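One-letter residues, chain by chain:
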Amino acid sequence: MDLLKVLLIAGGCIILGIAGGFAARSVWAGLILAVFVFIGWLLWRAFKFQNGDQKPVEAQEEKKEE
């Protein structure tokens with residue numbers, strides 16, 4: 001994963017978390033929400049990266065069958 005992209009997403013999560021915290025009248029709740037969103041995004045990226053090699057294999061198998 002690109003480190004700059006991860007840092008940008010982390011910063012965006014913190015900003016949105018603080019904004020959500022003001023809406024919920026609790027900055028701590030907003031920060032906790034931002035951490036959960038960032039961890040969820042990071043896990044989704046890791047899962048996507050891990051399973052990224054499966055599609056080219058299927059395409060190669062289809063070409064061999066033809």
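Up top is the structure these notes are about.
Now for a description of the structure that goes with this document. Please read all numbers here as calculations on a predicted model, not as lab measurements.

To continue, consider the overall build of the chain. Counting its secondary structure elements, the chain contains 3 helices and 0 strands. Taken from the N to the C terminus, the helices and strands of the chain come in the order α-α-α. Within the chain, the fraction of its 66 residues that count as buried is 14%. A total accessible area of about 5700 Å² is found for the chain, and carbon and sulfur atoms account for 68% of it.

In this fold, Ser26 is placed in the loop between α1 (3–23) and α2 (27–50). Its relative accessible area of 27% is what places Ser26 among the partly exposed residues.

Turning our attention to the nonpolar core. Among the nonpolar cores identified, the biggest contains 6 residues, and these are Val6, Ala10, Cys13, Ala34, Phe38 and Trp41. Listing elements by their share of this core, those giving two or more residues are α1 and α2. Excluding residues that lie within four positions of it along the chain, Ala34 makes contacts with Cys13, Ile14 and Gly17.

Quick notes on the rules
- Residues numbered from 1 in each chain as written.
- Predicted model: local features only at pLDDT ≥ 70, side-chain atom pairs only at ≥ 80, totals over all residues.
- Heavy atoms only, no water.
- Helix = DSSP H or I, 4+ residues; strand = E, 2+ residues; numbered from the N terminus.
- Buried < 20%, exposed > 50% of the residue type's maximum accessible area, 1.4 Å probe, protein only.
- Areas by Shrake-Rupley, 256 points an atom, 1.4 Å probe, with all protein chains shown as cover.
- Core = buried A, V, L, I, M, F, W, Y, C linked by side-chain atoms within 4.5 Å.
- Contact = heavy atoms within 4.5 Å.

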